[in-house]
Every structure is written in C-alpha cells, then in structure tokens.
Amino acid sequence: MLDPIELQALHVLPMPVLIIGDGHGVLYANTAAEDFFQSSAVVLKRQRLDDLIAFGSPVLALVEEVQRRGASVSEYRLDLGSPRLGSERIVDVFASPLPNQGEAVVLMLQERTIAEKMDRQLTHRGAARSITALGAMLAHEIKNPLSGIRGAAQLLEASVPDSERILTQLICDETDRIVKLVERVELFGDERPSERGAVNVHDVLDHVKRLAQSGFARHIRFNEVYDPSLPPVAGNRDQLVQVLLNLVKNAAEAIGEHAIDGEIMLTTAYRPGIRMQLAGSSGRIALPLEIGIRDNGPGVPADILSHLFDPFVTTKAQGSGLGLALVAKVIGDHGGIVECESVPRRTTFRILLPLHEARSTRIG
C-alpha cells in the first residue's frame, strides 16, 4: 500500500512523477504528470507505461533495469516523442525503486525543452538587438525615396491616357505596400520603454476572442480552459492584445475559411518552478503564468518549426513573415518566452510570462 504522506509530497512536485508497478502498470500519477500526458490520473492508472510513450522507448528498459538491480538509474536527453505527446519531448529521466513496494519504481521526468527553449530565445533576442538598429536605419532610408516614387507616379497619372493609368496606379499600390512592410520592420527597432502595469490576462483573452468572433473567426468554435485564480501579469495591455490577436488570427487562418469543425482553445495556467536566467546577472526571474492558444488545423511543417519566430519565415503564400517575429519581440520585451509545438490537428502556441510582482521581486 502506498504511503498517503509520501504520495502527498509527490503530488505537489512541479515535475511529472509516475509510480510504475508490475507489468509496467501505472499505479500513481501526480498533477504535473496529468499535464504532461494530457490525461487525468484516473485515466493514466488504467494504462501501462508502454501505452503512454513511444514504442521501444529506452525508458521501458530503464524501468526494468531499476526493477532488476534495485538501485536508482538516471538517463539524460531521452526523446519521449509520440503521436500522443507530440513530435519531440526531450526529458531527463530519474528512476528509483520504491522501498517495501515490490517492483514499484518511481519515475520522475524533467523536460529539457523548457530550458533549451529559454536558452535559444535569449540567444535570438541578443542577435535581434544587434540588427534592430540596422533595420530601423534601412527602413528610414527606404521610405524617403518611396515617397518620391509615389509622388512622381501621381504626377504621371495626370498626363497619361486612361488606358495607361492602370500602370501608374500599380506603382502607387506597390509603393504603399512596401511602405507598410517597412513600417512593420521599424517596429523591431523601437526600444522605447512602454507603459507597464498589472494586466488581467483573462480580460485580454476575452477581448481578443470578441474581436475574432466578430470578424475573421466567426466560423470557428472557441473553448476556454482558464485558471480563475491566476494573478495579474506585468505588461502592457495593448501590446498583449496585439500579440494574442496575431496568434488567434494565425490559428484561424491555419484552420481555413471552409472548415466545419474548426476549434481554437484558449488556456491559462499557473506553472510554478519555471525560471529564466537574467542576462548579465546570476539572478533568475520566475515565469509561472502560462497562456496557450491551440488550434486543430493541419499543423506547421516540421522543416520550419524551429525557425518559426525568425523574420520573413512564413507558411502563408501572401504572408510577410513578420507577425510571429513581432510576437517574439513583444513577449521578449515583457521578460517572457513564446514557443510552438505542432503535430497535425494540434498546434499550440505557449507563452510564459512573469507575474506583476515578479518584476520587483527577482529570485537570486
């Protein structure tokens, strides 16, 4: 019989914990394991470990080794990826025998992707700062001759036959399009501090949902899974509306105009234990507030998934490839990170942000 006190201690751990018994049956799953495997503890306890992870996973051999030796074993950077969990779930696995419980094994998973995603985003953020000044300068220099080209086209329009005015109008239209693109590039060079305060993310999500349902996503079903006790985030409300509206619009476009079962799920959750190293400091900042936007579209092609937030990377035929790059910049300016996980019929954009109090209370 499992000790209730020991189980309670496992229950509050931020890492997924399973207890595996004879025949790889699941005897226990904590709250973090429910989130990781996207199933309730009741459902998980009806299954075997083999049902939860990829066929032939080294985790199975790891459990058997612990049962055979009666000693703890650890493995690093194992891929648990499967259709159930997603294409890639890299974890460190710690397995230990459970005393006085026969062949029961305590299995603790520590997902590596969070730490690696933070490192990658910090690297990208530093690189982005090095090119923003160049981008802003080029944008300014490009807009000046464009205004002259447009003015010249307007003057020509008055002196050419009606049959040729379509060409001058084409010049004006294309000039305007380039100006809009350049103006979006200029946003990356805007390093001015924005007004920040306590923002209720549920108010922002509800506002974004109303905007979407009144326009581009009127044909799509929305579902919400919110943590109602979530404290406010430290941020700029208008910028967060811009970011989330961009992500919801992308989700709606991925689903398509003619889909009859399109669904977008908006989620919020409190994820304790996630911290990010502060640049140039030994301090860390907590990122416990999670916002998720999930759609059931066809998914993001695997060859561009790792570069999705880079400028000019897009899956749209007419896209500029700046929308998600701007999302990453705004979230980075808020001290958070944003990542995407995608398999067919399940694409999730996940944002991790600091709480309002976290900007003045850094964790050393």
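Above this note sits the structure.
Residues numbered from 1 in each chain as written. Predicted model: local features only at pLDDT ≥ 70, side-chain atom pairs only at ≥ 80, totals over all residues. Heavy atoms only, no water.

**As for the packing of aromatic side chains**
Consideration 1: Summed over the entire model, instances satisfying the criterion amount to 1 aromatic pair.
Consideration 2: Taking 4.9 Å as the distance between ring centres and 80 degrees as the angle between the ring planes, the aromatic pair formed by Phe-36 and Phe-37 counts as edge-to-face.
Consideration 3: For Phe-37, a relative accessible area of 2% gives the class buried. (Phe/Tyr/Trp six-rings, centres within 6.5 Å; stacked < 30°, edge-to-face > 60°. Buried < 20%, exposed > 50% of the residue type's maximum accessible area, 1.4 Å probe, protein only.)

**A few points about the pairing of strand S14 (residues 346–353)**
Consideration 1: Of all 8 residues making up S14, 6 are buried, and the element is well covered by its neighbours.
Consideration 2: Two strands pair when backbone bridges link them, and strand S12 (residues 289–295) and S14 are joined in this way by 7 bridges, in the antiparallel orientation. Each bridged residue has a counterpart across the sheet, and for Gly-292 the counterpart in S14 is Arg-350.
Consideration 3: Relative to S14, strand S13 (residues 337–343) runs antiparallel, the two being bridged by 7 bridges. Bridge pairing in S14 places Ile-337 opposite Leu-352.
Consideration 4: Where S13 folds back on S14, the antiparallel hairpin that results is connected by 2 residues, among which Arg-345 adopts a positive phi of roughly 75 degrees. (Helix = DSSP H or I, 4+ residues; strand = E, 2+ residues; numbered from the N terminus. Pairing = 2+ DSSP bridges.)

**A word on the sheet that holds S14**
Consideration 1: Strand order across the open sheet formed by 5 strands is S7-S9-S12-S14-S13, with mixed pairing between neighbours. A single partner strand is all that each edge strand has here, and the edge strands are strand S7 (221–225) and S13. Going across the sheet, the axis of each strand differs from the next one's by a mean of 15 degrees, ignoring polarity.
Consideration 2: By the bridge criterion, 5 bridges tie S7 to strand S9 (residues 263–270) in an arrangement that is parallel. By the bridge assignment for S9, Arg-221 is matched with Glu-263.
Consideration 3: Its contacts with the sheet place helix H8 (residues 201–213) against S7, S9 and S12, and it is angled at close to 175 degrees to S9.
Consideration 4: Lying over the sheet, helix H9 (residues 237–255) contacts S7, S9, S12 and S14, oriented at roughly 25 degrees with respect to S12. (Axes fitted to C-alpha atoms, helices over the stretch in contact; angles between N-to-C directions. Contact = heavy atoms within 4.5 Å.)

**Side note on helix H11 (residues 323–333)**
Consideration 1: Most of H11 is tucked away: 9 of the 11 residues are buried.
Consideration 2: Looking at H11, one finds that the buried residues are Gly-323, Leu-324, Ala-325, Leu-326, Val-327, Lys-329, Val-330, Ile-331 and Gly-332.
Consideration 3: The positive-phi residue at the C-terminal boundary of H11 is Gly-335, with phi of around 85 degrees.

**With respect to the packing of H9 against H11**
Consideration 1: Two numbers describe how H9 lies on H11: the axes approach to 10 Å, and their chain directions differ by 145 degrees. Seen from above, H9 lies across H11 with left-handed handedness. Residues Gln-239, Leu-240, Gln-242, Val-243, Asn-246, Leu-247 and Asn-250 of H9 lie in contact with H11, whose contacting residues are Gly-323, Leu-324, Leu-326, Val-327, Val-330 and Ile-331. (Left-handed = near helix turned anticlockwise from the far one by under 90°.)

**Some points on the pattern of salt bridges**
Consideration 1: Using the criterion set out here, one finds 11 salt bridges in the structure.
Consideration 2: Asp-176 is the partner of Arg-150 in a salt bridge, and the nearest nitrogen-oxygen pair spans 2.7 Å. You can see Arg-150 sitting in helix H6 (residues 112–157) and its partner Asp-176 sitting in helix H7 (residues 165–187), a full 26 residues away along the chain.
Consideration 3: A relative accessible area of 26% means that Arg-150 is categorised as partly exposed.
Consideration 4: Here Glu-290 ties to Arg-350 by a salt bridge, and the two come within 3.6 Å at their closest N and O atoms. Placement of the pair is Glu-290 in strand S12 and Arg-350 in strand S14, with a sequence separation of 60 residues.
Consideration 5: Classification of Arg-350 as partly exposed rests on a relative accessible area of 24%. (Salt bridge = Lys/Arg side-chain N within 4 Å of Asp/Glu carboxyl O.)

**Some words on empty space enclosed by the protein**
Consideration 1: Tallied over the entire structure, the rule returns 2 cavities of 30 Å³ or more.
Consideration 2: The space that makes up the second largest cavity amounts to roughly 30 Å³.
Consideration 3: Around the second largest cavity, the lining residues are Val-201, Val-204, Leu-240, Leu-244, Ile-291, Ile-331, Ile-351 and Leu-353.
Consideration 4: Counting residues per element, the ones that place at least two in the lining of the second largest cavity are H8, H9 and S14.
Consideration 5: Here the lining of the second largest cavity is built from residues that sort into 8 nonpolar, no polar and no charged. (1 Å grid on protein atoms, 1.4 Å probe; cavity = no way out; pocket = protein on both sides within 12 Å on 5 of 7 lines; lining within 4 Å. Points joined across faces, edges and corners; volume = space filled by probe spheres on them. Nonpolar A, V, L, I, M, F, W, Y, C, P; charged D, E, K, R; others polar.)

**Description of the packing of H8 against H9**
Consideration 1: The contact between H8 and H9 brings their axes to 9 Å, and the two run at 50 degrees. The angle between H8 and H9 falls in the class oblique. Every pair of crossing elements has a handedness; the one defined by H8 and H9 is right-handed. For the pair H8 and H9, the contacting residues are Asp-203, Val-204, Leu-205, His-207, Val-208, Leu-211 and Ala-212 in the first and Arg-237, Leu-240, Val-241, Leu-244, Leu-245 and Val-248 in the second. (Parallel < 35°, antiparallel > 145°, perpendicular 65-115°, else oblique.)

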